[in-house]
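Summary of structural features
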Amino acid sequence: MATASDNAGTELKIVEDATCTFCGCVCDDIELKVEGHTIKEAKRACVLGKAWFLNHDIEPGPSCRIDSQPATVEEGIERAARILTDAKYPIIYGLSDSPCEAQRKAVSIADWIGGTVDTTTSVCHGPSGMAFQGVGEVTCTLGEVLNRGDMIMFWGSNPAESHPRHFTKYSLMPKGLFTPNGRKDRTCVIVDVRKTKSAKAADIFIQIKPRKDFEALWTLRALARGIELDPELVESETGTPLAQWQELMDKMKASKFGVIFFGMGLTMTRGKHCNSEALLALTRDMNAHTRFVAKPNRGHGNVTGADNVVSWRTGYPFGVSLTRGYPRFNPGEYTTADTLSQREADAALIVASDPMANFPQPAREHLASIPYIALDPKETPTTKSAAVSFTVATYGINTTGTVYRMDDVPIPLRPAFESPHPSDYDVLSALEKRVKELKAQQFAAHN
Amino acid sequence: MSQSFILIPGRTSKQGCGISEGKDGDGYQGEINTLQVAPEDMERLGLAEGDQVRVRNEHGQIELPIKAAKGGELPPGLLFIAYGDLSCRLMGGDTHGSGMPTSKGMDVELEKI
């Protein structure tokens, strides 16, 4: 980190190798030019990264509000702790835009209050998490993709808009150890129901019928095993001629190191975990012919860290209930879209996520009807309706910590400037301490 | 008269930038409150850029302006909207045992207002 002064006397600071936490690429080669509490420039950042870095100044207003009125952080902690300890079915949700150290605290709170802990994974690649348990995951790091990948496939994923540096930093353009000519050494295949902006990067683009991912993937599974298929049936089901699938399979088998990146086109569409299972099973099948791996393209900056932390602490990645004092995993029951839509939760702690902006309407209506606590660096539809809201420092811009890239590689954060607001870790640490005290009092009163 | 379509909500660059710029901002609001329609469908239904339409399914209904999908991005029969408040209004609460609401590939009816 270097500092200098410009002509006006304002201190300029250069932060090298800063980490962008907007998306799961977690690019850690960003150079930031910082003046006071403002980032003026974010070199090498993509359009999403630039928007992330250049729009996180210090938020005006208090660090805490109770029922929309300014309050001290201490008052907020007290009210939040009482909401959570008085509840019969408290839930904790979000965590994917928070560092691992804060995520650990949130899991501890869930344990103390006997609640559920769930992350944005459940409405992202949660179905893939279920599929991993059913099929297994043939995987690798993005570094291996860069150095070895010669057949790069994207299925139901649009990185040109969701992960803009994916192609240039990891998967298509870079020159690697066994891909010395970069893009020329790779074949790019994109399978989608839309001709997305990513399709321009493809050597082969296959537009399948909507909601037919499962059928298309099983077509490839059959071809991988040399099973004869009815051409008419394949084309009517998938929208793509059998000959084109066969041509693709031939190229997949001929590759040295194939990678299938997959997105929410699979997990959010009818079939969900069955779609992801089909893709993971195809990947596994391909290893009878050549080396093939699959990677989910993860959205939030530390959603992969959330999977890891919740797994370390409970044995399961998301949708975990601690209501009986030991962890139970059941997507569809302990996941937040369900606990809210079924009107089961009676209090919530929402960390670094915005369910009021992106959950189904029945879930949003129920969340609005129960007391909840929200932590976010910015005002959002979720913080606006919270009983207690904390304006927190932005991870990676104001705070240190650890995040996990989408390939499970941990990466440190290098903050640009300090914030007067507390961090997620500060708030959750204080909340855990007070929750423990109140639970001890409740235990003593009942024994 | 309403027409049947399949709706694909999804991420866009503008919507992603809007998350950081502020969700009350014009960029984010404009992006999540506009429906993309294939030019062939617009011609077939006599729709013009900016026309207001009503989109509904068994979970809810929304009213919003349309614009033509560019670059052949949408085949006829498919609609696209950036993730946001309006797309959520068409999502049901049942996750069918997966934890994930059906958020893409939804059957909807579209009619011009």
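Here the structure is a predicted model, which means the values were calculated and not measured. (Residues numbered from 1 in each chain as written. Chains lettered and ligands numbered in written order. Predicted model: local features only at pLDDT ≥ 70, side-chain atom pairs only at ≥ 80, totals over all residues.)

Focus on the overall build of chain B
Quick reminder of the rule: The helix and strand labels rest on DSSP assignments: H or I over at least four residues marks a helix, E over at least two residues marks a strand, and numbering proceeds from the N terminus. For this measure, only C-alpha atoms enter the radius of gyration; the expected value for a globule follows 2.2 Å times N^0.38, where N is the number of residues. Burial is judged by counting other C-beta atoms within 10 Å of a residue's own C-beta: 20 or more means buried, 12 or fewer means exposed, and anything between counts as partly exposed, with every C-beta placed from the backbone. Think of it this way: build a C-beta for each residue from its backbone, and any pair within 7 Å is a contact.
On a plain count of helices and strands, chain B comes out with 4 helices and 6 strands. If you list the helices and strands of chain B from N to C, you get β-α-α-β-α-β-β-β-α-β. Relative to the 2.2 N^0.38 estimate, which gives 13 Å for 113 residues, the radius of gyration of chain B is 14 Å and therefore close to what a compact globule would have. With respect to the principal axes defined by its C-alpha atoms, chain B has extents near 35 × 35 × 25 Å. Among the 113 residues that make up chain B, the fraction classed as buried is 47%. Considering only contacts in chain B between residues 6 or more positions apart, those separated by 24 or more positions represent 71%.

Some words on the overall build of chain A
Across its full length, chain A carries 18 helices and 20 strands. Here chain A has a C-alpha radius of gyration of 23 Å; the compact-globule value for 447 residues is 22 Å, and the two agree. For chain A, the spread of C-alpha atoms along the principal axes amounts to about 70 × 65 × 30 Å. Burial analysis of chain A (447 residues in total) assigns 56% to the buried set. Put simply, 67% of the contacts in chain A that link residues at least 6 apart link residues at least 24 apart.

Some words on the interface of chain A and chain B
The test is simple: Note on residue categories: nonpolar means Ala, Val, Leu, Ile, Met, Phe, Trp, Tyr, Cys or Pro, charged means Asp, Glu, Lys or Arg, and polar means any other residue, Gly included.
Taken residue by residue, the interface counts 47 residues in chain A and 38 residues in chain B. Residue assignment for the side of chain A that touches chain B shows that the elements contributing at least two residues are helix 1 (47-54), helix 4 (126-135), helix 6 (159-162), helix 11 (264-267), helix 14 (336-341), helix 15 (355-358) and helix 16 (361-369) of chain A. Across the side of chain A that touches chain B, the residue classes break down as 19 nonpolar, 19 polar and 9 charged.

Here we look at the pairing of strand 3 (residues 52-56) of chain B
Residues and elements named next belong to chain B. Condition: At least two DSSP bridges between two strands are required for those strands to pair.
Residues Val53 and Val55 point to one face of strand 3 and are all buried, whereas Gln52, Arg54 and Arg56, pointing to the other face, are not buried. Of the strand pairs in this sheet, strand 3 and strand 4 (residues 61-68) are connected by 5 bridges, and their pairing is antiparallel. Note that in strand 4 the partner of Arg56 across the bridge is Gln61. Hairpin remark: strand 3 followed by strand 4, antiparallel, with 4 residues in the connecting loop. Taken together, the 4 bridges between strand 3 and strand 6 (residues 106-112) define a ladder with antiparallel strand orientation. What sits directly across from Val55, in strand 6, is Leu110.

Looking at the sheet that holds strand 8 (residues 116-119) of chain A
The strands making up a sheet associate through backbone hydrogen bonding, with each pair oriented either parallel or antiparallel. All names here are of chain A. The strand order across the open sheet built from 9 strands is 6-5-18-17-16-7-8-14-15, with neighbouring strands paired in mixed fashion. The open sheet has two edge strands, strand 6 (69-71) and strand 15 (328-329), and neither has a second partner. Relative to strand 18 (residues 388-391), strand 5 (residues 64-66) runs antiparallel, the two being bridged by 3 bridges. When the sheet's bridge partners are listed, Cys64 is paired in strand 18 with Phe390.

Examining the sheet that holds strand 5 (residues 78-82) of chain B
Cut-off, in case you're wondering: To get an axis, a line is fitted to the C-alpha atoms, and for a helix only the part in contact is used. The angle between two axes follows their N-to-C directions and goes from 0 to 180 degrees.
Around the barrel, which closes on itself, the 6 strands sit in the order 1-5-2-4-3-6 (chain B) with mixed pairing between neighbours. Looking at each pair of strands side by side, their axes are set apart by 45° on average, direction ignored.

Remarks on the nonpolar core
For clarity, the cut-off: Nonpolar core, as used here: buried Ala, Val, Leu, Ile, Met, Phe, Trp, Tyr and Cys residues forming one set through C-beta atoms within 7 Å.
If you look at the biggest cluster of nonpolar residues, it comprises 161 residues, and the most contacted ones within it are A:Ala106, A:Leu279 and B:Leu79. Top contributing element to this core by residue count: helix 3 (residues 100-113) of chain A, with 7 residues.

Concerning the packing of helix 8 (residues 213-224) of chain A against helix 9 (residues 231-238) of chain A
Residue and element names in this part refer to chain A. For the pair helix 8 and helix 9, interaxial distance at closest approach is 9 Å and the crossing angle is 145°. For the pair formed by helix 8 and helix 9, the contact residues are Glu215, Ala216 and Thr219 on the first element and Val234, Glu237 and Thr238 on the second. Along the lines of polarity and charge, the residues of the contact of helix 8 with helix 9 split into 2 nonpolar, 2 polar and 2 charged.

Here we look at the confidence of the model for chain B
Parts of the model with low pLDDT should not have their predicted coordinates read in detail. Stated precisely, the cut-off is as follows: For every residue, the predictor states its confidence as a pLDDT score lying anywhere from 0 to 100.
Overall, the predicted model of chain B reaches an average pLDDT of 95, with 100% of residues at or above 70. This prediction of the complex comes with two scores: 0.95 for pTM and 0.95 for ipTM.

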